[in-house]
Amino acid sequence: MTQTYGEGARLPQTGRDQSVAIAEAEGRAAMDVLDKLGDEDWHRPTDCVEWDVRTLVSHLVAQCEDNISLATMVRREITGRRRHRGMGPVDAHMAAQIADHATASGPELAERFALLWPRAVQARRRRPGLMRRARVATGVAEAPRMSVGHLLDTIYNRDLWMHRVDLARATGQPLVLGEHDRLIVEQVIRDLALTWSGAPVVLELTGPAGGTWLIGSGEPASVVRADAVAYLRGLAGRDPDVPLELVSGSDAALVAARRARIVF
């Protein structure tokens, strides 16, 4: 096989400054979606189980508040654990987030997100190195703990990106992709490659945010192709039957690529 791919595990990790640039671009893209929502859109179902559009946006607002205020984040962590004992800690925290905004209207939430997102981006950037080196659970079964720095610089941007996809799909808006989307996809590929345990495979992701990467270590025997956005939805658990094409190699590569999950 002629090598026409990069190694996913060697992609550079997003740093603070680049994270801010990506976050600002993703915030603008999210606001473009929110600004187009009509009265009939707020109660449309989304790909997030039990969340309609209004509830999803309330989660985005609450994420901003958590970023800005550690006290708010800790309060919700405690509240979630007390009120939702049957849930995992991440789901319980999100339930507390949603409850805090249960009475807000959709337009009110969109306005608040526009106000808070830029502040949240800068608050994440200012978190000190000691805090960034701490490690936290991911909420994904069998996934290794991640550094707080990775959460701040990568996961929050990725979370907003995936929820923008959710909102566009729920309301029939076109998904507009730009340069920053490709950078978000690259960080997904990096995380996937670093945690990959199967046989090495070349993953071809098509579309404006796509690219071709080696996933795993060693000489690949299989090549799998998918639309970039569709495949990331699969990695996030949105679509377990994401369309994958086996370009060459073993069907086992398709199975491994379809079963893979990472943190969003």
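Per chain, the residues get numbers from 1 upward, laid out in the order the sequence is written. For this predicted model, a pLDDT threshold of at least 70 governs which residues receive local features, and a threshold of 80 or more governs which side-chain atom pairs are given and counted, while totals over whole chains, interfaces and linings are taken from all residues. Computation of side-chain values: all heavy atoms of the structure, hydrogens and water removed.

A word on the overall build of the chain. Helix and strand definitions here come from DSSP, where helices need a minimum of 4 consecutive H or I residues and strands a minimum of 2 consecutive E residues; each element is numbered from the N-terminal end. Of regular secondary structure, the chain possesses 10 helices and 7 strands. Here the C-alpha radius of gyration of the chain, 19 Å, is about what a compact globule of 264 residues would show, namely 18 Å. By its C-alpha atoms, the chain is 55 × 45 × 35 Å across when sized along the principal axes. Per-residue burial over the chain gives 52% buried out of 264 residues. Should any heavy atoms of two residues lie within 4.5 Å, those residues are considered in contact. Of all intrachain contacts in the chain linking residues separated by at least 6 positions in sequence, the fraction that spans at least 24 positions is 63%. Total accessible area on the chain stands at roughly 12,800 Å², and carbon and sulfur atoms take up 52% of it. In this description the radius of gyration comes from C-alpha coordinates, and the expected globular size is given by 2.2 Å times residues to the power 0.38. Classification of residues uses two cut-offs on accessible area relative to the type maximum, computed with a 1.4 Å probe and protein chains only: under 20% is buried, over 50% is exposed, and between them is partly exposed. Under the convention used here, a 1.4 Å probe and the Shrake-Rupley method define accessible areas, while residue burial counts only the protein chains that appear.

Here the focus is the nonpolar core. For soluble globular proteins, nonpolar side chains are generally found buried alongside one another. What makes a nonpolar core is a set of buried Ala, Val, Leu, Ile, Met, Phe, Trp, Tyr and Cys residues whose side-chain atoms join them at distances within 4.5 Å. One finds Leu192, Leu205, Ile215 and Tyr231 to be the most contacted residues of the largest nonpolar core, which totals 36 residues. Looking at this core, the elements that each hand over two or more residues are helix H7 (148-171), helix H8 (179-195), strand S4 (201-206), strand S5 (211-215), strand S6 (222-227), helix H9 (228-235) and helix H10 (251-259). Counting residues per element, this core draws most heavily on H8, which supplies 7 residues. Once you skip the residues sitting within four places of it in the chain, Leu192 turns out to touch Leu203, Ile215, Tyr231, Leu235, Ala260 and Ile262. Residues Ala23, Val33, Phe113 and Ala170 belong to the second largest nonpolar core, which totals 28 residues.

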